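# Inside the fold
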Amino acid sequence: MAVPMIGGRADRWTLPDLDAAVRRCRAQNARGIRCILAALGEYARSERQVRENLEHSSAIVAAIDEQGLDASLTVKMTALGALIDRDTARDSLLRLARGARSRGVGFEVDMEGRGFVAMTVDAAVTCAREGVPVTLALQANLDRTPGDLERILRHGIRPRLVKGVYPGDTDDPDEVRERFRRLAAGVLDRRIPLSAGTHDPDLVAWLAQDAHETVEFAFLMGLSDETKLRLAGEGRAVAEYVPFGEQADVYVARREKYLAKLAAEGRAPAP
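This write-up is about the structure you can find in this document. (Residues numbered from 1 in each chain as written. Predicted model: local features only at pLDDT ≥ 70, side-chain atom pairs only at ≥ 80, totals over all residues. Heavy atoms only, no water.)

## Observations concerning unusual backbone geometry
For clarity, the threshold we go by: Secondary structure counts use DSSP, requiring at least four H or I residues in a row for a helix and at least two E residues in a row for a strand, with both numbered from the N terminus. Exposure categories follow from relative accessible area, calculated using a 1.4 Å probe and restricted to protein chains: below 20% of the type maximum is buried, above 50% is exposed, and the middle band is partly exposed.
For Arg-191, which is not glycine, the phi torsion reads 55° and is therefore positive. Within the fold, Arg-191 resides in the loop between helix H6 (173-188) and strand E8 (194-197). Accessibility expressed as a relative area gives 53% for Arg-191, which makes it exposed. You will see that Ser-224, though not glycine, has its phi angle at about 60°, which is positive. Examined against the element boundaries, Ser-224 turns out to sit in the loop between strand E9 (215-220) and helix H8 (225-233).

## Re the pairing of E9
Side chains on a regular strand alternate between the two faces of the sheet. Threshold: Pairs of strands are assigned from DSSP output, requiring at least two bridges between the strands. By convention, a crossover is right-handed whenever its connection, traced from the first strand over the helix to the second and viewed with the strands pointing away, goes clockwise.
Where burial is concerned, most of E9 is hidden: six out of the six residues are buried. Going residue by residue along E9, you find Val-215, Phe-217 and Phe-219 tucked away on one face and Glu-216, Ala-218 and Leu-220 tucked away on the opposite face as well. Direction of pairing for E8 relative to E9: parallel, over a ladder of four bridges. What sits directly across from Ala-196, in E9, is Phe-217. Where E9 and strand E10 (residues 237-244) come together, five bridges link them in parallel fashion. Looking across to E10, one finds that Phe-219 is bridged to Glu-240. Once you follow E9 into H8 and on to E10, the crossover reads as right-handed.

## Remarks on helix H7 (residues 201-208)
Heads up, the rule is: By arc we mean the arc of the directions from the helix axis to the C-beta atoms, nothing more. Any pair of residues with heavy atoms lying within 4.5 Å of one another is described as a contacting pair. Nitrogen and oxygen atoms within 3.5 Å of one another constitute a polar contact, given that in protein one can donate a hydrogen and the other can accept it, and given that sequence-neighbouring residues count only through two side-chain atoms.
For H7, the full list of buried residues reads Leu-203, Val-204, Leu-207 and Ala-208. On an axial view of H7, the arc spanned by its buried residues comes to 130°, and they lie on one face. Packing partners of the buried residues in H7 comprise H6, E8, E9 and H8. Measuring from the backbone nitrogen of Asp-202 back to the side-chain oxygen at the start of H7 gives 2.8 Å, which picks out Asp-200 as the cap.

## Points about the environment of Tyr-43
Looking at the element boundaries, Tyr-43 is found in the loop between strand E3 (33-39) and helix H2 (47-66). For Tyr-43, a relative accessible area of 28% translates into the label partly exposed. Along the primary structure Tyr-43 and Pro-201 are separated by 158 residues, whereas in three dimensions their C-alpha atoms are 31 Å apart.

## Concerning the nonpolar core
Threshold: To form a nonpolar core, buried Ala, Val, Leu, Ile, Met, Phe, Trp, Tyr and Cys residues must be joined to one another through side-chain atoms within 4.5 Å.
Core analysis: the largest hydrophobic core is formed by 75 residues, its most contacted members being Leu-37, Leu-93, Phe-107 and Leu-136. Ignoring anything within four residues of it in the chain, the contact list for Leu-93 reads Val-75, Met-77, Leu-80, Phe-107, Val-109, Ala-123, Ala-124 and Cys-127. With 14 residues, the next largest nonpolar core counts Trp-13, Ile-36, Val-252 and Leu-262 among its residues.

## Focus: the packing of aromatic side chains
Think of a pair of aromatic rings as described by two things: how far the centres are apart, and how the planes are tilted against each other in angle. Our working definition: Ring pairs shown here join Phe, Tyr and Trp side chains whose ring centres sit within 6.5 Å, with only the six-membered ring taken for Trp; geometry is labelled stacked below 30 degrees between planes, edge-to-face above 60, and tilted in between. Working rule: Lys NZ or Arg CZ, within 6 Å of ring centre, within 35 degrees of ring normal, means a charge sits over the ring.
The full count for this structure, using the stated rule, is one aromatic pair. Both rings, one in Tyr-241 and one in Tyr-251, keep their centres 6.3 Å apart while their planes meet at 10°; by these two values the pair is stacked. In this pair, Tyr-241 is assigned in strand E10 and Tyr-251 in helix H9 (residues 249-264), connecting sequence segments ten residues apart. A single burial state applies to Tyr-241 and to Tyr-251, both of which are buried. The aromatic ring of Trp-206 is capped on one face by Arg-181, whose charged end is 5.3 Å from the ring centroid. The positively charged end of Arg-255 is found above the aromatic ring belonging to Tyr-251, 4.7 Å away from the centroid.

## Some details on the sheet that holds strand E5 (residues 106-109)
To keep things clear, this is the line we draw: Every angle, taken between N-to-C directions, lies between 0 and 180 degrees, and every axis is a line fitted to C-alpha atoms, over only the stretch in contact when it is a helix.
Spatially, eight strands are ordered E3-E4-E5-E6-E7-E8-E9-E10 in a closed barrel, and the strand pairing comes out parallel. This sheet shows a mean twist of 30° between the axes of neighbouring strands, independent of strand direction. One ladder, built from four bridges, connects strand E4 (residues 71-75) with E5; its direction is parallel. Following the sheet pairing, Leu-73 is matched in E5 by Phe-107. The strands touched by helix H5 (residues 145-154) within the sheet are strand E6 (135-139) and strand E7 (158-162), with E6 carrying the most contacts at an inclination of about 165°.

Below you can see the structure in the form of structure tokens.
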């Protein structure tokens with residue numbers, strides 16, 4: 001069956017607006033799946049774009065609170081103006097985090113390419129030092145990640161561990177998979193909460209072997225729907241990343257590149 005198209009792009013990966021994201025979230029919540037809502041807008045290069053991104057993120061927080069959704073807000077530093085002024089982007093992140101905390105809404109930070117890793121980790125730590133609960137994505141394909149992981153754990157930041165869609169220090173799929181496993185095991189052995197962001201069927205099966213109450217299985221909208229429902233039906237913590245907005249091209253391109261890479265390896269995501 002062909003994937004429906006909206007405005008020339010596959011609607012498999014993104015939704016058009018916040019209203020659609022709220023409807024998706026409500027439906028997934030009814031299935032036992034919480035949502036991670038993201039307003040698309042990375043690589044903002046103007047103050048107007050940054051202002052709009054901030055408004056969209058604030059609207060997410062308000063919608064989650066007012067409609068009683070089981071969801072969190074996630075943001076990217078480049079959407080907050082990191083390409084323009086990194087200090088201002090960090091301050092904007094902190095304001096959003098404070099606003100989310102004041103309304104009892106979860107707050108997460110996505111990771112980007114290697115040029116933004118250090119500043120993103122620093123910004124998350126700044127939030128944590130102010131007592132704001134944060135989840136931060138870390139990429140297993142980077143050599144620096146073990147050190148970053150230990151640092152954020154010291155500050156009580158929950159990791160959302162991913163293999164890494166941006167270029168890393170290794171692109172060997174078996175090596176990346178093993179790095180993910182080692183990093184995850186180090187967290188789980190200490191019974192520290194972990195969000196495991198992977199569609200790799202081997203890693204999902206490995207994580208599901210033990211009934212770790214500290215593990216949340218995090219998936220993208222558009223992938224692994226059968227696995228999401230199965231795990232949620234088993235009482236596992238499951239989350240779905242739900243992005244929305246008009247600035248979808250870069251995000252969709254990464255998703256399509258991911259599937260193409262898997263196909264070249266003769267692999268497929270969890271069903």
